[in-house]
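# Structural overview for review
Next come the chains, spelled out residue by residue.
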Amino acid sequence: MSYAEHNNRRLEQFIVLLFIAAPPVGGLVLLYQVLQDNARFLATIGWLAYLVAIVGAHIKWVRPYFRRFPIVTGYKELFTRTKMILPRHRSLVNKAVRTRILRSIYRWAVFFAIIPFFVGMYNLYGHHFVWFMGMWLLAGMGITVGYHRTGTHPSYKTNQVVRGVVLAMGSCAMQGPAGEWMKKHTKHHAFGETSVDVHSPYVFEDSKRAIWWEQFMGFMHSFVMWAFREPSLRKPMNMTMEEWRAHMLAHPPKLEDFRFREEDRGHWEVRNPAGEVIVTTDTILKKRWAGFVNDIVEIEKDKTVALISHPVVYLTILGLSFYIPYALGGISVWESLTRLLFMNWSTFCVNSVCHLWGEKPFDTPDNARNNAVIEILAWGEGGHNTHHNAALWAKHGVFGWQFDPSYWFIRGLKSVGLAKDLNMPTNLQLLRAWREWRKREPWMQGYPVRPKHIIGELPSNPPKAKVS
């Protein structure tokens, strides 16, 4: 390791230490303050239990019901598409309309059901609760819509001013500069659930797979400890861009140290019908590494990302995210740190929990899953299996039963002319994936299949995503 790389590593460890240690300290201080008022503390627990009960009921009973309907269209599209088949299939059309109306009623019912929670929390904490929710929304959308869906994966187009604003919003989350975040997430996608993955929760040594402590440490690595261990991907100051590219290409992961899950072997080597290896793991690894290097070099060249990621700019934005709530609302540093704790640990769950528990409607080369709870906590990022199936889709909650407010934000940008060319799946892609999922998962086999004469035979090759 060179002197410059050593210094980069030390600086990153210091930033990560602050990032991980400060929010829990802030949460403990705030909890101590709340405990001084027993009545308010008990009321807070009551309102949180109320919210958990609503969300739990949705996940346990309502969400499974809507899994029978992979696509939920708007009323205009529904009536347009069913007009031609209405005379021959009136009962099916009526059922589709009733289901759509039922879904609308349910959404409004949930909306009105959770209003008492927000009213109750506001009565307890006043403007402090408003600042908590507002900053959580601002920084959370900065990560999901900025760092993730336009930074790492350009799933929609916008001008550089708007792009800079959403990246700056993400800087308020204290998850590191945009450039570093985007490079490490790119590495996660290139080498998902292998020993080169930034934050894989899996233990690859067969002798250790049954040892609970190894499994626990694997989860903790994917949740937060990876931030201490993963080397920086910043370009050393003493290298030109081409020198850095050449240096990275000349140092791919060593084959003898490369590990992956046995069930993913088909994605890391290719065999002919006779069982002979025709494309080796080494060949695929080097090809993936070359693509990854090209991607992070492009991120490094991005002027908007470079500006927002500059240490002075990044630290200024981060400082303002603490100072403005303090100056305008009297929000203490500890309250801001508590907000960071809640939001960042929700983000950590995406790359740990969503690789262990949840639904897998798409057959991806890793174990990424859609998790209903993380969809809510991480503003739609819990649609992780969908995202790993097609990283460039602007919408992660593509099925009718999923929750994706980050997509609503992008749609809002589009409605006012600030976003365009949203990369979206087609209905046939979703129907095909839903059918394959139903065949693949035993617990899904009780769900009915829509008649072929209504949706037609699905093509063997899925159509390309559409741009809206």
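Here we come to the overall build of the chain. From N to C terminus, the chain includes 18 helices and four strands. Across the 468 residues that make up the chain, the buried fraction comes to 46%. Contacts in the chain between residues at least 24 apart in sequence constitute 72% of all its contacts with a sequence separation of at least 6. Accessible surface for the chain amounts to roughly 24200 Å². Of this, 65% is attributable to carbon and sulfur atoms.

Under the 1.5 Å per step criterion, the end-to-end length of helix α6 (residues 160–171) is 16 Å for twelve residues, consistent within 8% with the ideal 16 Å. Of all twelve residues in α6, nine are buried, a share of seventy percent or more. Check the buried side of α6 and you find it contacts α5 (127–152), α7 (178–190), α11 (303–309), α12 (311–329) and α16 (405–415). If you check the start of α6, you find a side-chain oxygen 3.0 Å away from the backbone N of V161, and it comes from N159.

One finds Y147, Y156 and L422 to be the most contacted residues of the largest nonpolar core, which totals 35 residues. Secondary structure elements with two or more residues in this core: α5, α6, α7, α11, α12, α13 (333–350) and α16. Core analysis: the next-biggest nonpolar cluster, separate from the first, contains 16 residues, A190, L233, M248 and F258 among them.

We now examine the state of the cysteines. Counting across every chain of the model gives zero disulfides. Considering cysteine sulfurs only, C349 is the nearest to C354, which forms no disulfide, with 7.7 Å between them.

This part covers the pattern of salt bridges. A complete count under the given rule lists 19 salt bridges for this structure. Of the charged contacts, one joins R163 and D302 as a salt bridge, the two residues approaching to 2.8 Å between their closest N and O atoms. Highlighted residues: R163 in helix α6 and D302 in the loop between α10 (281–301) and α11, separated in sequence by 139 residues. For the pair R163 and D302, one class covers both residues: buried. In this structure, K184 engages E180 in a salt bridge whose closest nitrogen and oxygen atoms are separated by 3.6 Å. On the criterion of helical spacing, the pair formed by K184 and E180 is a turn pair, its members being four residues apart in helix α7. Classification of K184 by relative accessible area gives buried; the value is 8%. E180 gets classed as buried once you look at its relative accessible area, which sits at 8%. The network of salt bridges with common partners includes R63, R67, E359 and E375.

All right, on to the packing of α7 against α10 then. Relative to each other, α7 and α10 sit at 165°, their axes nearing to 10 Å. In terms of orientation, α7 lies roughly antiparallel with respect to α10. Note that α7 runs across α10; the crossing there is right-handed. Counting all contacts with α7, which are made through G179, M182, K183, T186, K187 and A190, the residues of α10 involved are R288, W289, F292, D295, I296, I299 and E300. Residue composition of the contact of α7 with α10, by class: six nonpolar, two polar and five charged.

Right, let's talk about the packing of α5 against α7 for a bit. The geometry of α5 relative to α7 is characterised by a closest axis approach of 10 Å and an angle of 60° between their N-to-C directions. The handedness of the crossing between α5 and α7 comes out as right-handed. Contacts between α5 and α7 involve I143, Y147, H148, G151 and T152 from the former and A178, W181, M182, H185 and T186 from the latter.

Okay, a nonpolar patch on the surface next. On the surface, a cluster of nonpolar side chains totalling about 510 Å² of accessible area is made up of W108, F111, F112, I115 and V119. Along the chain, F111 falls in helix α4 (residues 90–125). We classify F111 as partly exposed; its relative accessible area is 41%.

Here is what the cut-offs are and how they apply
- Residues numbered from 1 in each chain as written.
- Predicted model: local features only at pLDDT ≥ 70, side-chain atom pairs only at ≥ 80, totals over all residues.
- Heavy atoms only, no water.
- Helix = DSSP H or I, 4+ residues; strand = E, 2+ residues; numbered from the N terminus.
- Buried < 20%, exposed > 50% of the residue type's maximum accessible area, 1.4 Å probe, protein only.
- Contact = heavy atoms within 4.5 Å.
- Areas by Shrake-Rupley, 256 points an atom, 1.4 Å probe, with all protein chains shown as cover.
- Expected span 1.5 Å × (residues − 1).
- Polar contact = N/O pair within 3.5 Å; in protein donor to acceptor, adjacent residues only side chain to side chain.
- Core = buried A, V, L, I, M, F, W, Y, C linked by side-chain atoms within 4.5 Å.
- Disulfide = S-S within 2.5 Å.
- Salt bridge = Lys/Arg side-chain N within 4 Å of Asp/Glu carboxyl O.
- Axes fitted to C-alpha atoms, helices over the stretch in contact; angles between N-to-C directions.
- Parallel < 35°, antiparallel > 145°, perpendicular 65-115°, else oblique.
- Left-handed = near helix turned anticlockwise from the far one by under 90°.
- Nonpolar A, V, L, I, M, F, W, Y, C, P; charged D, E, K, R; others polar.
- Patch = residues over 30% accessible without salt bridge, like charges linked within 9 Å, V, L, I, M, F, W, Y side chains within 5 Å.

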